[in-house]
Amino acid sequence: MACGVVATHLKIFPGDSVIVKGKILSGCQGFEVNLGKDCDNLVLHFNPRFDCKGDVNTIVLNSRKEGTWEEEKRESHFPFEQDSNTMVTFTFDANEIKVKLADEHELCFPNRLGLDNIEYIAVDGDFKIKVLKFA
Ligand SMILES: C=CCO[C@@H]1O[C@H](CO)[C@@H](O[C@@H]2O[C@H](CO)[C@H](O)[C@H](OCc3cn(-c4n[nH]c(N)n4)nn3)[C@H]2O)[C@H](O)[C@H]1NC(C)=O
């Protein structure tokens, strides 16, 4: 997997959104967007998998607390194509993170860590980030 982009010391509060735009590389096995406090405390690990770790065309979502993965959620709605551009919007709320995919489909993931702000974002995998926008 490519070594991606990391942004720290952010001040993302409830009601704020992060828009990630980029290109899914040809032959992509998977990519991930991680949001949270730091790399070991993630309120959301968003991990579309084309074909890796036993998953095919599945979005794996999870949280990570003090370096330990918690219970995964899986989403079979998979509007991603290799060698194409995509956009994902993450809207942070005190109780959950709303994820809007490029086809307007929305997912929700609980704010299990109870974070009242997000200061860390990391994008990694077979993905070339083009835009990281805060709204
Ligand atoms: C079936 C038996 C065991 O279950 C498998 O267990 C794997 C290992 O935990 C799961 O894969 C991990 O799933 C995680 C999300 O739950 C992550 O996607 C993880 O890859 C990313 C990753 C980040 N990090 C990491 N280490 N340190 C930091 N900061 N980040 N380590 N791995 C994957 O390696 C994998 O998703 C899971 N599969 C199922 C079906 O549950």
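Computed from a predicted structure; not experimentally measured.

Let us look at the packing of aromatic side chains. If you walk through the whole model with that rule in mind, you get six aromatic pairs. Measuring from centroid to centroid gives 6.4 Å for F46 and F80, while their planes differ by 70°, and the two rings are edge-to-face. Within this pair, whereas F46 is found in strand 4 (residues 41–52), its partner F80 is found in the loop between strand 7 (73–75) and strand 8 (84–92), the two being separated by 34 residues in sequence. F46 gets classed as buried once you look at its relative accessible area, which sits at 0%.

Another point: the sheet that holds strand 8. Strands sit in the order 10-9-8-2-12 across an open sheet of five strands; the sheet is antiparallel. Across the chains shown, the open sheet's two edge strands, defined by having one partner strand only, are strand 10 (106–110) and strand 12 (127–134). For this sheet, the mean angle separating the axes of adjacent strands, direction not counted, is 20°. Pairing geometry for strand 2 (residues 17–24) and strand 12, over seven bridges, is antiparallel. Following the sheet pairing, I24 is matched in strand 12 by F127.

All right, on to the pairing of strand 3 (residues 31–38) then. Most of strand 3 sits out of view: six of its eight residues are buried. With six bridges connecting them, strand 3 and strand 11 (residues 120–125) associate as antiparallel partners. Considered in strand 11, the bridge of G36 is made with Y120. Across five bridges, strand 3 lies against strand 4 in antiparallel orientation. Directly across from D38, in strand 4, lies its bridge partner N41. Where strand 3 folds back on strand 4, the antiparallel hairpin that results is connected by two residues.

Right, let's talk about the nonpolar core for a bit. The biggest cluster of nonpolar side chains holds 32 residues, and the ones touching the most others in it are L35, L44, F46, I59, F80, F90 and V99. At the level of elements, strand 2, strand 3, strand 4, strand 5 (55–65), strand 8, strand 9 (96–100), strand 10 and strand 11 are the ones that each hand at least two residues to this core. Per-element accounting of this core gives the leading share, four residues, to strand 4. Excluding its chain neighbours within four sequence positions, the residues that come into contact with I59 are F46, N47, P48, K73, R74, E75, H77, F78, F80, L101 and L107.

Turning our eyes to something else, we now look at the site of the ligand. Surrounding the ligand, one finds E32, C39, D40, H45, N47, R49, K53, N62, R64, W69, E72 and R74. Within the side chain of H45, a nitrogen or oxygen atom sits 2.7 Å from an oxygen atom of the ligand. E72 has a polar side-chain atom sitting 2.6 Å from an oxygen atom of the ligand. Here the ligand loses 50% of its free accessible area of 800 Å² to cover by the protein chains. Of all the secondary-structure elements, those providing two or more residues to the shell around the ligand are strand 4 and strand 5. Counting residues per element, the shell around the ligand draws most heavily on strand 4, at three residues. Class assignment of the residues belonging to the shell around the ligand gives a composition of two nonpolar, three polar and seven charged.

Reading the values: rules and limits
- Residues numbered from 1 in each chain as written.
- Predicted model: local features only at pLDDT ≥ 70, side-chain atom pairs only at ≥ 80, totals over all residues.
- Heavy atoms only, no water.
- Phe/Tyr/Trp six-rings, centres within 6.5 Å; stacked < 30°, edge-to-face > 60°.
- Helix = DSSP H or I, 4+ residues; strand = E, 2+ residues; numbered from the N terminus.
- Buried < 20%, exposed > 50% of the residue type's maximum accessible area, 1.4 Å probe, protein only.
- Pairing = 2+ DSSP bridges.
- Axes fitted to C-alpha atoms, helices over the stretch in contact; angles between N-to-C directions.
- Core = buried A, V, L, I, M, F, W, Y, C linked by side-chain atoms within 4.5 Å.
- Contact = heavy atoms within 4.5 Å.
- Near = heavy atom within 4 Å.
- Polar contact = N/O pair within 3.5 Å; in protein donor to acceptor, adjacent residues only side chain to side chain.
- Areas by Shrake-Rupley, 256 points an atom, 1.4 Å probe, with all protein chains shown as cover.
- Nonpolar A, V, L, I, M, F, W, Y, C, P; charged D, E, K, R; others polar.

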